Amino acid sequence: MSKQSKSDTKGLNRLLGIDKAIHEPARLMIIATLSVVESADFIFLMNQTGLTQGNLSFHLSRLEESGYVAIKKKFIGKRPQTMLSITDKGHRTLKEYLNTMKDIVDSFVDS
Amino acid sequence: MEQLNIKALEKKAYRSFFKDGIYDLFIGLILLSFGLPMILNEFGWIDYETISMPLLIPLILNVGALLFLIFGKKYITTPRLGIAHFGKTRKRNMRHVKLILIISALMGGILFFLILFKALPVGGKTGIPLPILIFGIQSLLVFSLMAYFMDFTRLYLYAFLFAISMPLTIWLKRNTTLNYPSLLVFTLTTVPILVIGCVVFIQFLNQYPIKKDLRIGNEQTK
């Protein structure tokens, strides 16, 4: 195996190590949006991502299970309000994910 | 690349709160509150000698504009756009805006009474009273600073329109034979702001309808 193809394989193998919880486009959109705010509610996130209510609920549950998003429910008067925020773990994972993807893309472009 | 995209994403999210046109309408109404007594005075419908009307009109319009801003944001924007709390820099900038507004309101109040009670030192060759010149400069400074801190670019245009309104009206009154300078100037400055505000507001209402079952969605997130 040549030096070049070894490098390509190494790059491809890094793809296997990518966290699938945020690699999914909808979840990446959610976590990226949450990374730029301290917290936001469900409606804001729906508008920013363009996801449907059901889709957003589903992906938020997955991100919460992974520990990347914190969901806090409270009442303002009689109205329920769900505030969402990215956790420290979520921030770290997003940063790692972006760096990894950038490295992989760069390695393909350079080769 | 990473920083640039995240920054752009944050900016887009933050600026989405200016899509409702409520700030535009608020500023338009405030400017109208300055112009309307002058226009009505030109037509002879109110007299500056009787203090109540020139005081009452701006007061009603200012209170109305403020109520529209507060309740509009609460009952029109928030149910449609949702709520987001932004980072430290945005919070710090908003604190600056609040401080600027408090100082500006205090200065505005002082100037208003100086104008009202005709304690007006007339400035130089232009014949424009000093408080009016200060009003123009202050408007330009305050709205430009607000535009900068709020990242709200339309506000730069409004700063300019606000700033020229009063000084230009007085200058036209004293240096030309125009019949209705106040009507002309305030139509050219206030109407564009209100039209932009209305267009943006209607677009916003069409683009972001309230979805009835969203609260159920809120409930279902966990």
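For the structure, check the block above.
Remember, it's a predicted structure, so these values are computed and weren't measured experimentally. (Residues numbered from 1 in each chain as written. Chains lettered and ligands numbered in written order. Predicted model: local features only at pLDDT ≥ 70, side-chain atom pairs only at ≥ 80, totals over all residues. Heavy atoms only, no water.)

1. Examining the overall build of chain B
Looking only at helices and strands, chain B features eight helices and three strands. Across chain B, every contact between residues at least 6 apart in sequence was considered, and the portion connecting residues at least 24 apart equals 74%. Total accessible area computed for chain B in this model is approximately 12,400 Å², and 71% of it derives from carbon and sulfur atoms. (Helix = DSSP H or I, 4+ residues; strand = E, 2+ residues; numbered from the N terminus. Contact = heavy atoms within 4.5 Å. Areas by Shrake-Rupley, 256 points an atom, 1.4 Å probe, with all protein chains shown as cover.)

2. Some points on the overall build of chain A
Tallying secondary structure elements over chain A gives six helices and three strands in all. N-terminal to C-terminal, the α/β element order of chain A is α-α-α-β-α-α-β-β-α. Each of the 111 residues in chain A was classed as buried or not, and the buried ones make up 42%. At a minimum sequence separation of 6, the contacts of chain A that also span at least 24 residues come to 53%. By element, 56% of the accessible surface of chain A is carried by carbon and sulfur atoms, the whole surface being about 6,100 Å². (Buried < 20%, exposed > 50% of the residue type's maximum accessible area, 1.4 Å probe, protein only.)

3. Focus on the pairing of strand β2 (residues 69-76) of chain A
Taken residue by residue, a regular strand's side chains alternate between the two faces of the sheet. Here eight bridges tie β2(A) to strand β3 (residues 79-86) of chain A, and the two strands are oriented antiparallel to one another. Pairing of V69(A) across the sheet is with I86(A), part of β3(A). (Pairing = 2+ DSSP bridges.)

4. Section: the pairing of β3(A)
Residue and element names in this part refer to chain A. The buried fraction of β3 is high, at seven of eight residues. As judged from the two bridges shared by strand β1 (residues 37-41) and β3, these two strands associate in the antiparallel manner. In the strand pairing of β3, D41 is matched with M83. As consecutive antiparallel partners, β2 and β3 are separated by two residues, and within that stretch G77 has a phi angle of approximately 65 degrees, a positive value.

5. Looking at a nonpolar patch on the surface
Together, L56(B), L59(B), I60(B), V63(B), L66(B), L67(B), I70(B), F71(B) and Y75(B) give the surface a local cluster of nonpolar side chains, amounting to about 860 Å² of exposed area. Tracing the sequence through the fold places I70(B) in helix α3 (residues 52-81). (Patch = residues over 30% accessible without salt bridge, like charges linked within 9 Å, V, L, I, M, F, W, Y side chains within 5 Å. Salt bridge = Lys/Arg side-chain N within 4 Å of Asp/Glu carboxyl O.)

6. Thoughts on helix α2 (residues 22-42) of chain B
The end-to-end C-alpha distance of α2(B) is 30 Å, a good match for the 30 Å that 21 residues give at a rise of 1.5 Å each. Looking at the residues trailing α2(B), positive phi occurs at G44(B), about 80 degrees. (Expected span 1.5 Å × (residues − 1).)

7. A look at the layout of surface pockets
Estimates place the volume of the largest pocket at around 1,300 Å³. What lines the largest pocket is a set of 37 residues, and nearest its centre among them are F17(B), Y23(B), K73(B), T78(B) and A84(B). Put simply, the parts of the chain that give the lining of the largest pocket at least two residues each are β3 of chain A together with α2, α3, β1 (84-86), α4 (88-116) and α5 (130-150) of chain B. The leading source of residues in the lining of the largest pocket is α3(B), at nine residues. Classifying every residue of the lining of the largest pocket by side-chain character gives 24 nonpolar, six polar and seven charged. (1 Å grid on protein atoms, 1.4 Å probe; cavity = no way out; pocket = protein on both sides within 12 Å on 5 of 7 lines; lining within 4 Å. Points joined across faces, edges and corners; volume = space filled by probe spheres on them. Nonpolar A, V, L, I, M, F, W, Y, C, P; charged D, E, K, R; others polar.)

8. A word on the packing of α5(B) against helix α6 (residues 154-175) of chain B
Residues and elements named next belong to chain B. Orientation of α5 relative to α6, taken along the N-to-C sense of each, is 175 degrees, at an axis distance of 8 Å. Relative to α6, the element α5 is oriented roughly antiparallel. Contacts between α5 and α6 involve I132, F135, G136, S139, L140, F143, S144, M146, A147, Y148 and M150 on the former and, on the latter, L155, Y156, A159, F160, F162, A163, S165, M166, P167 and I170. The residue inventory of the contact of α5 with α6, partitioned by class, reads 17 nonpolar, four polar and no charged. (Axes fitted to C-alpha atoms, helices over the stretch in contact; angles between N-to-C directions. Parallel < 35°, antiparallel > 145°, perpendicular 65-115°, else oblique.)

9. Examining the packing of α6(B) against helix α7 (residues 181-207) of chain B
All names here are of chain B. At their nearest, the axes of α6 and α7 sit 7 Å apart, and the two run at 165 degrees to each other. By the criterion of interaxial angle, the relationship of α6 to α7 is roughly antiparallel. Relative to α7, the crossing made by α6 is left-handed. Facing R154, L157, Y158, L161, I164, S165, M166, L168, T169, L172 and K173 of α6, the residues of α7 in contact are P181, S182, L184, V185, F186, L188, T189, P192, I193, I196 and V200. Split by residue class, the contact of α6 with α7 holds 16 nonpolar, four polar and two charged. (Left-handed = near helix turned anticlockwise from the far one by under 90°.)

10. What about the sheet that holds β1(B)?
Pairing is antiparallel across the open sheet formed by four strands, whose spatial order is β2(A)-β3(A)-β1(A)-β1(B). Unpaired on one side and paired on the other, β2 of chain A together with β1 of chain B mark the two borders of the sheet. Taken pair by pair, the neighbouring strands of this sheet meet at an average axis angle of 20 degrees, ignoring direction. In terms of strand pairing, β1(A) meets β1(B) through three bridges, oriented antiparallel.

11. What to know about helix α3 (residues 25-35) of chain A
Across the eleven residues that make up α3(A), a large majority, eight, are buried. With a side-chain oxygen positioned 2.9 Å from the backbone nitrogen of A26(A), the residue opening α3(A) is E24(A). (Polar contact = N/O pair within 3.5 Å; in protein donor to acceptor, adjacent residues only side chain to side chain.)

12. Details of the packing of aromatic side chains
As enumerated under the stated definition, the model contains 17 aromatic pairs over all chains in all. Geometrically, the ring pair formed by F34(B) and F162(B) is edge-to-face, given 6.0 Å between the ring centres and 80 degrees between the ring planes. Taken together, the residues span a long stretch of sequence, with F34(B) in helix α2 and F162(B) in helix α6 at a distance of 128 residues. When its relative accessible area of 23% is taken as the criterion, F34(B) is described as partly exposed. Accessibility expressed as a relative area gives 3% for F162(B), which makes it buried. Taken together, a centroid distance of 6.0 Å and an interplanar angle of 10 degrees make the contact between F71(B) and Y75(B) stacked. Of the two residues, F71(B) and Y75(B) both sit in helix α3, four residues apart, roughly one turn of that helix. Taking relative accessible area as the criterion, F71(B) reaches 42% and is therefore assigned partly exposed. Through successive ring pairs, a cluster of aromatic residues spans F44(A), Y14(B), F17(B), F18(B), Y23(B), F86(B) and F152(B). (Phe/Tyr/Trp six-rings, centres within 6.5 Å; stacked < 30°, edge-to-face > 60°.)

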